[in-house]
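# Architecture and fold: a report
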Protein chains: 4
Amino acid sequence: MIVIMQQEATEEQIGAVVERLTKNGFQAHLSRGVERTIIGVIGDRTRLFDMALEAMPGVEKVVPVLQPYKLASRAFHPENSLVPVGDLVIGGEEVHVMAGPCAVESEEQLLETAVQVRAAGATVLRGGAFKPRTSPYSFQGLEEEGLKILARARELTGLKIVTEVMDTRSLPLVAEYADILQIGARNMQNFTLLREVARINKPVLLKRGMSATIEEWLLAAEYIMSGGNHQVILCERGIRTFETYTRNTLDLSAVPVVKYLSHLPVVVDPSHGLGKWRFVPAMARAAIAAGADGLLVEVHPNPAEALCDGPQSLTPENFRQMMEELARVAEVMGRRLGGGAGPCSCR
Amino acid sequence: MIVIMQQEATEEQIGAVVERLTKNGFQAHLSRGVERTIIGVIGDRTRLFDMALEAMPGVEKVVPVLQPYKLASRAFHPENSLVPVGDLVIGGEEVHVMAGPCAVESEEQLLETAVQVRAAGATVLRGGAFKPRTSPYSFQGLEEEGLKILARARELTGLKIVTEVMDTRSLPLVAEYADILQIGARNMQNFTLLREVARINKPVLLKRGMSATIEEWLLAAEYIMSGGNHQVILCERGIRTFETYTRNTLDLSAVPVVKYLSHLPVVVDPSHGLGKWRFVPAMARAAIAAGADGLLVEVHPNPAEALCDGPQSLTPENFRQMMEELARVAEVMGRRLGGGAGPCSCR
Amino acid sequence: MIVIMQQEATEEQIGAVVERLTKNGFQAHLSRGVERTIIGVIGDRTRLFDMALEAMPGVEKVVPVLQPYKLASRAFHPENSLVPVGDLVIGGEEVHVMAGPCAVESEEQLLETAVQVRAAGATVLRGGAFKPRTSPYSFQGLEEEGLKILARARELTGLKIVTEVMDTRSLPLVAEYADILQIGARNMQNFTLLREVARINKPVLLKRGMSATIEEWLLAAEYIMSGGNHQVILCERGIRTFETYTRNTLDLSAVPVVKYLSHLPVVVDPSHGLGKWRFVPAMARAAIAAGADGLLVEVHPNPAEALCDGPQSLTPENFRQMMEELARVAEVMGRRLGGGAGPCSCR
Amino acid sequence: MIVIMQQEATEEQIGAVVERLTKNGFQAHLSRGVERTIIGVIGDRTRLFDMALEAMPGVEKVVPVLQPYKLASRAFHPENSLVPVGDLVIGGEEVHVMAGPCAVESEEQLLETAVQVRAAGATVLRGGAFKPRTSPYSFQGLEEEGLKILARARELTGLKIVTEVMDTRSLPLVAEYADILQIGARNMQNFTLLREVARINKPVLLKRGMSATIEEWLLAAEYIMSGGNHQVILCERGIRTFETYTRNTLDLSAVPVVKYLSHLPVVVDPSHGLGKWRFVPAMARAAIAAGADGLLVEVHPNPAEALCDGPQSLTPENFRQMMEELARVAEVMGRRLGGGAGPCSCR
């Protein structure tokens, strides 16, 4: 951390900053310029975050040197982390596609989708049983019944299950059924929930908040990791910008950036990022070309009848076509799709 | 709601949309232009939100005509809502200033602050016992001990207490102590929590999420109101933009806009919006001039020693000076500060 | 400037940075931490901007310590700058309201508006003769004929004229007629135009670009000032954010921030910032309460017939009422409206 | 266009809107709902943009149905447009990579770069002779001397030249040397310049403004096309968001969206979008996988000595490696790199 003093800062003010730092166990190095004095600070990065030095008289600004997260940083763990989900591995050579409807609506809807996405090469089934909806008047999910339907789909198809957990109260229930616990974008900074999933021995798919910086996202991962659960999968799903033609702006550059800053696997959700099914395949291809370890894609047997997010859902047929393209892009990246599909496979 | 069909939409596609609408109890009115057919839809606005018409073949886009919220809208309740907090009324003629530290740190710190902000004209004491912090390594609050200290400050000074509730689990405890339950910006779309505070007979101060549109903010209020609790106070606290000099961009235009769209009272938190105490008084004045019903301001007896948000905290002396200015601005607006302070008072 | 080296930076890499700096006339001070080496750099701030140190091997990031502008900074010129416009002074005790239509449409329209805004207390008449329009099919302005009409309105009413100059080619013509040259938001970084107005001895009203940071805005002012013209008036007019209910998000916090960083006067344009006339008076009051030196407001005798920006234009009657409120807010701020209006005046 | 009337709109107000529309040659269709009356409007879309109906009493809002651009829309021109640049074609089967330094600094620097990017498969050489710089103290380009150096590089290598034109004054000079005229992001709404390049028979590469919506970008293209020059190449280069780790947020979803809305070719500039060379190859691959027709990439023989944008420049060796990857991604897309490079070629 570097403390930049104001031009008019007095010796007393400079001394007070140095004293405060040393009293708290940090080392301070003064550097006096013509116009400004600068104080370099050495010590535990995670504690520096809390020293309110900018509130001290004479301080102009405080510049962090090290990232405020540690367990999530690549400096701490230089190799890519692999997150096993049963017999699958997220973050390894295989690219995994997690597909399914926005919400579980009925057994028939889910099983039909599951069979079709499995056939096309998906390895994980997505589907919400508890739905965070902007309006209180919208369909809020089938809750436990939805989880049971997901479990039946898993039995039938062998697909793993990723589903959202919205609060600590339903966490034990969701954890009983899910293979991967999804933390939604609106809950990325629900710190109570983060601390609770940290105590569970299950992979967590942590979506980026709609207005979260990459640093805040990695700090949210740090909450889970520092609580004891290192099985974190990050998921870019679009950020909020001024552009309104797409639902959000999918920040694909987050993929290489997170890969550089962190060792955690990164998957991309182009469905929420775009909000329009028509553009999903192009961005799914781009995500894999950018280095993503997987995708989260909405598929519905009849998007026009969907209770949630129909406009961004692919039909099973669209999905199948997309998977063929993705297999070829994965191959160019020296990877392959987890579900066995690929340009050279027996399809 | 208006459904705009694609230029190349077929008669079958148009018919399917109309049929789907009428089957669901809506009336549909066709209007055929040279290039496009448009379908006007009449029916329950809160249910339209969920019809995934954009996913139907031939549909170009769907344009809502009515706001998707009802109880929070001024059309539903033309008069300003008044929210009583004990003997205070938020949203009436009096402008209420809620002041205090970011976090309750100790009894001494809080009581000192309480006495001073009371003397300067504040009517409500703010202070966090449960703190949502970006980093897991930051001070997370004194929890129940903090609530007890807040209660002692209330006894001592007569100030009402506003404090944040972070999750459903601690809600009963926080509700026992607080006069106003604060929902933080990061929890504005924690729908489980919204539904739970809806069942409690206490005023709720609902902060706008960092990237929430005004419509989403009012829909979050609608969650609380539709659950039975109409005592909602909205709080603008800055939105996230590209500008980095300030911590957030305080969207003061939200004040007149919300006053126009809704009947709920609106207060402004310039401390979080700016992130730098130096600019807080100017924006506090501006907030009242824009029509805000109150303010939420961070005050700390020693900002440089604050465990949280010191750089944006006013000293008690700065606060006192600001309150004198605010009293004069309130007077110009035909209002007065709730705490009895004012340019003509006996201070 | 501070150079933060990567953790794994070698001695050669550190040495190369130091050598590059000293070769270019800067002083470099090394500070070696446990995890990182930091290099403090002293020298001409305006040249540091161009040293591509972040491209050197081993460099993690470069942090500027001083603002990259000089002439526009308050450190360079501690007193408020006063910009005279004939017998008016912008930036002094008087708050000046510049009012008029978006575009000059006809002599009748402009003269009627001019007479009415003058009566209500405006001191400067605004009106575009050259209009930057998003669509090529929109009304593009009356050009020279518009300038002549503005001049006639000035003769008739004594109001000063502010009007936009869109390019270097029409600059001599516009400069012949205008008392204040307006640089529009879309041209804030039209550096050719900035350099050209720098050579003219006329006040320049420099609108903030829609996505310009405060630093970039002050650097645009620096272009004009470093070219020899110090008569710069800054104008906040709203920035682009995710909120769509208002046309832009008026960043009123820019007013106290710019007043702190710079000595230049700042005025606010709530009409473009909001895009809806209904909310203009509230934000105009807020702007003055925040410390603005003036306002730029759209007024049209018949907004529904306006060729440009009708929805955000006040009628003369709305404007008159607003001015009465503004006079009272100005008084609370220890100022008065330039046009002589005020709560105690003889209106 | 659809006009939505306010709930309390009177018959007179509705009548006035209808009258105004019919008087201006539009057809108006009334549709009366329980809560609102809606008016469907039929007529010339490009003129509707200018009817200030939202300013009429009783009007709630106006919703456009058709895009406000015409010549740039795919509806107008269903086939992809091909833009020939000498013997190259932009927008066809070949993906063209335009590479070179941010600024032309010297003959040696440019020729070295040109030879190397040519060898790696680039077909167009980029390099600025006139540079729009945020600070007036930064290197502003070699101007005509720079153009001459570009011409020599063209002679030497056969590469086409793309270079920025900053204003109408230097346009004839730049047009004399350039094969493609680049309009920079800051000039996307410099309408005077757009109208002027519209009169020149040369391809124009139109960068998206930093805060321009896709609609505004296509309207800027419409300026050029409606003036007579249909050879427009669009270039996505990143938009401004709250994320600060990258210089801008590269909006790759703009590629499939623009391909859907328009027939114009789209290229991507990952160098400006990211601001850090390290992430450029990943996003370049992603751009092609998303369907881009080409790339604009900064390459400098010695980035650490670059006078401009060194941190985002690839070395020639990095560029060469990237091109090999890009060739494989292009192949998956059923395309090939313009410069003859490819996984199966004779390199």
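Definitions and limits used
- Residues numbered from 1 in each chain as written.
- Chains lettered and ligands numbered in written order.
- Predicted model: local features only at pLDDT ≥ 70, side-chain atom pairs only at ≥ 80, totals over all residues.
- Heavy atoms only, no water.
- Axes fitted to C-alpha atoms, helices over the stretch in contact; angles between N-to-C directions.
- Helix = DSSP H or I, 4+ residues; strand = E, 2+ residues; numbered from the N terminus.
- Parallel < 35°, antiparallel > 145°, perpendicular 65-115°, else oblique.
- Left-handed = near helix turned anticlockwise from the far one by under 90°.
- Contact = heavy atoms within 4.5 Å.
- Nonpolar A, V, L, I, M, F, W, Y, C, P; charged D, E, K, R; others polar.
- Least-squares fit on C-alpha atoms with pLDDT ≥ 70 in both.
- Pairing = 2+ DSSP bridges.
- Salt bridge = Lys/Arg side-chain N within 4 Å of Asp/Glu carboxyl O.
- Polar contact = N/O pair within 3.5 Å; in protein donor to acceptor, adjacent residues only side chain to side chain.
- Domains from an automatic or database assignment.
- Buried area = accessible area lost by both parts, 1.4 Å probe.
- Buried < 20%, exposed > 50% of the residue type's maximum accessible area, 1.4 Å probe, protein only.
- Disulfide = S-S within 2.5 Å.
- Phe/Tyr/Trp six-rings, centres within 6.5 Å; stacked < 30°, edge-to-face > 60°.
- Lys NZ or Arg CZ within 6 Å of the ring centre and 35° of its normal.
- Core = buried A, V, L, I, M, F, W, Y, C linked by side-chain atoms within 4.5 Å.

### Let's talk about the packing of helix α10 (residues 280-290) of chain B against helix α10 (residues 280-290) of chain C
Two elements in contact, α10(B) and α10(C), have axes separated by 7 Å at closest approach and are oriented at 155°. Classified by the interaxial angle, the pair formed by α10(B) and α10(C) is roughly antiparallel. Remark: the crossing between α10(B) and α10(C) carries right-handed chirality. Two secondary-structure elements touch here, α10(B) through Ala282(B), Met283(B), Arg285(B), Ala286(B), Ala289(B) and Ala290(B) and α10(C) through Ala282(C), Met283(C), Arg285(C), Ala286(C), Ala289(C) and Ala290(C). Across the contact of α10(B) with α10(C), the residue classes tally to 10 nonpolar, no polar and two charged.

### Observations concerning the relation of the copies chain C and chain A
For the pair of chain copies, the relating operation is a rotation around an axis with a shift along it. Structural alignment of chain C on chain A gives an RMSD of 0.0 Å, achieved by rotating through 180° and translating 0.0 Å along the axis. Overall, the copies show the geometry of a two-fold rotation axis. By C-alpha distance to the rotation axis, the residue of chain C lying nearest is Phe242(C), at 2.1 Å. A share of 100% of interface residues in chain C that are also interface residues in chain A marks the association as one of identical surfaces.

### A short note on the sheet that holds strand β4 (residues 59-63) of chain D
Strand pairing in a sheet relies on backbone hydrogen bonds, with the paired strands running either antiparallel or parallel. Residue and element names in this part refer to chain D. Taken in spatial order, the four strands of this open sheet run β2-β3-β1-β4, and their pairing is antiparallel. The open sheet terminates on both sides in strands that have one partner only, identified here as β2 (27-32) and β4. Taking the axes of each pair of neighbouring strands and ignoring which way they run, one obtains an average angle of 20° across the sheet. In the sheet, strand β1 (residues 2-5) pairs with β4 via four bridges, with the strands oriented antiparallel. If you follow Val 3 over to β4, its bridge partner there is Val 62.

### Thoughts on the interface of chain C and chain A
The interface of chain C with chain A comprises 27 residues on the first partner and 27 residues on the second. On inspection of chain C and its partner chain A, the count reaches zero salt bridges. In this structure, the connection of chain C to chain A is made through zero residue pairs in polar contact (both at pLDDT 80 or more). Taken together, the elements giving at least two residues each to the side of chain C that touches chain A come down to β1 (2-5), β2 (27-32), β3 (37-42) and β4 (59-63) of chain C.

### Brief notes about the side chain of Arg20(C)
Take Arg20(C): it is sitting in helix α1 (residues 11-23). Among the polar contacts made by the side chain of Arg20(C), one reaches the main-chain carbonyl oxygen of Ala304(D) at a distance of 2.6 Å. What Arg20(C) contacts, discounting residues up to four positions off in sequence, is Met51(C), Ala52(C), Leu53(C), Met56(C), Ala304(D) and Glu305(D).

### Focus on the relation of the copies chain A and chain B
With an RMSD of 0.0 Å, the fit of chain A onto chain B corresponds to turning through 180° and sliding 0.0 Å along the axis. A high fraction, 100%, of the interface residues of chain A reappear at the interface in chain B, so the copies pair face to face through one surface.

### Comments concerning the domain arrangement of chain A
You can read the domains of chain A as domain 1 (2-63) and domain 2 (83-337). Put simply, the middle of domain 1 of chain A and the middle of domain 2 of chain A, counted by C-alpha atoms, are 43 Å apart.

### Structural notes on the packing of helix α3 (residues 107-120) of chain A against helix α11 (residues 316-332) of chain A
Residue and element names in this part refer to chain A. The N-to-C vectors of α3 and α11 enclose an angle of 20°; their axes lie 9 Å apart at closest approach. Of the possible angle classes, the one that applies to α3 and α11 is roughly parallel. Note that α3 runs across α11; the crossing there is right-handed. Taking contact as the criterion, the partners of Gln 116, Val 117 and Ala 120 in α3 are, on α11, Pro 316, Phe 319, Arg 320 and Met 323. Considering only residue class, the contact of α3 with α11 consists of five nonpolar, one polar and one charged.

### A few points about the interface of chain A and chain B
Between chain A and chain B, the residue contacts involve 51 residues of the former and 51 residues of the latter. Between chain A and chain B the total buried area reaches about 4,500 Å² when both faces are included, carbon and sulfur atoms providing 47% of it. Ranking the residues of chain A by area buried against chain B places Asp50(A), Thr134(A) and Tyr137(A) at the top, with a combined share of 15%. For the pair chain A and chain B, the interface holds 25 residue pairs in polar contact (both at pLDDT 80 or more). Residue assignment for the side of chain A that touches chain B shows that the elements contributing at least two residues are α6 (191-197) and α7 (214-226) of chain A. The element that contributes the greatest number of residues to the side of chain A that touches chain B is α7(A), accounting for five residues. Per-class residue counts for the side of chain A that touches chain B are 21 nonpolar, 15 polar and 15 charged.

### A short note on the pattern of salt bridges
Here the idea is simple: oppositely charged side chains can pair when their charged atoms come close. All names here are of chain A. Scanning all chains against the criterion turns up 88 salt bridges over all chains. We note a salt bridge from Glu 107 to Arg 152, for which the minimum N-O separation is 2.8 Å. Within this pair, whereas Glu 107 is found in helix α3, its partner Arg 152 is found in helix α4 (residues 144-157), the two being separated by 45 residues in sequence. Note on Arg 152: relative accessible area 31%, which makes it partly exposed.

### Focus: the state of the cysteines
Covalent bonding between the sulfur atoms of two cysteines defines a disulfide. Residue and element names in this part refer to chain A. Applying the stated rule across the entire model yields four disulfides over all chains. Each sulfur in the disulfide pair Cys 102 and Cys 308 lies 2.3 Å from the other. You can see Cys 102 sitting in the loop between β7 (94-100) and α3 and its partner Cys 308 sitting in the loop between β14 (294-298) and α11, a full 206 residues away along the chain. In terms of burial, Cys 102 and Cys 308 fall into one category: buried. No disulfide involves Cys 235; its sulfur sits 13 Å from that of Cys 102, the nearest cysteine. With a relative accessible area of 0%, Cys 235 lands in the buried category.

### Quick notes on the packing of aromatic side chains
This structure, assessed with the given rule, holds 12 aromatic pairs over all chains. Aromatic pair Phe279(A) and Tyr260(D): ring centres 5.6 Å apart, planes at 75°, arrangement edge-to-face. On the criterion of chain membership, the pair formed by Phe279(A) in the loop between α9 (270-274) and α10 (280-289) and Tyr260(D) in helix α8 (residues 254-261) is interchain, its members lying in two chains. Phe279(A) gets classed as buried once you look at its relative accessible area, which sits at 2%. Here Tyr260(D) falls in the partly exposed class, since its relative accessible area comes to 28%. Through a chain of ring-to-ring contacts, the aromatic side chains of Tyr245(A), Phe279(A) and Tyr260(D) assemble into a single cluster. For Lys276(C), the ring lying beneath its charged end belongs to Tyr245(C), and the centroid distance is 3.6 Å.

### A closer look at the pairing of β2(D)
Residues and elements named next belong to chain D. Examined bridge by bridge, β2 and strand β3 (residues 37-42) share six bridges and lie antiparallel to one another. Its bridge partner lying in β3, Gln 27 is registered against Ile 42. Counted along the chain from β2 to the antiparallel partner β3, the turn is four residues long.

### Some details on the side chain of Gln140(B)
On the secondary structure map, Gln140(B) appears in the loop between β8 (124-126) and α4 (144-157). There is a polar contact of 3.1 Å between the side chain of Gln140(B) and the backbone oxygen of Ser138(B). Those residues in contact with Gln140(B), other than ones at most four positions away along the chain, are Arg195(A), Tyr223(A), Ala129(B), Phe130(B), Lys131(B), Arg133(B) and Ser135(B).

### Concerning the nonpolar core
Counting 341 residues, the largest nonpolar core has Phe319(A), Phe319(B), Phe319(C) and Phe319(D) as the members making the most contacts within it. Residues contacting Phe319(B), with those up to four places away along its chain left out, are Val97(B), Ala99(B), Val117(B), Ala120(B), Ala122(B), Val297(B), Val299(B) and Leu314(B).

### Some remarks on the sheet that holds strand β4 (residues 59-63) of chain A
Residues and elements named next belong to chain A. The strand order across the open sheet formed by four strands is β2-β3-β1-β4, and the pairing between neighbours is antiparallel. Edge positions in the open sheet fall to β2 (27-32) and β4, since each of these has one partner strand only. Taken pair by pair, the neighbouring strands of this sheet meet at an average axis angle of 20°, ignoring direction.

### Observations concerning helix α10 (residues 280-290) of chain D
Two residues of an α-helix separated by three or four positions point the same way, owing to the 3.6 residues in each turn. Residues and elements named next belong to chain D. Most of α10 is tucked away: 11 of the 11 residues are buried. Taken together, the buried positions of α10 are Val 280, Pro 281, Ala 282, Met 283, Ala 284, Arg 285, Ala 286, Ala 287, Ile 288, Ala 289 and Ala 290. With its phi angle positive at about 110°, Gly 291 sits one or two positions after the end of α10.

### Side note on the environment of Met188(C)
Residue and element names in this part refer to chain C. Within the secondary structure layout, Met 188 lies in the loop between β10 (180-183) and α6 (191-197). Separated by 45 residues in the primary sequence, Met 188 and Ile 233 place their C-alpha atoms 13 Å from one another. In contact with Met 188, not counting residues within four places along its chain, are Ile 183, Leu 194, Leu 206, Lys 207, Arg 208, Gly 209, Ala 212, Glu 216, Trp 217 and Ala 220.

### Let's talk about the environment of Met333(D)
Residue position: Met333(D) is located in the loop between α11 (316-332) and β15 (336-337). Separated by 240 residues in the primary sequence, Met333(D) and Glu93(D) have C-alpha atoms spaced 9.7 Å apart. When near neighbours in sequence (up to four residues on either side) are disregarded, Met333(D) contacts Arg285(A), Ile288(D), Ala289(D) and Gly291(D).

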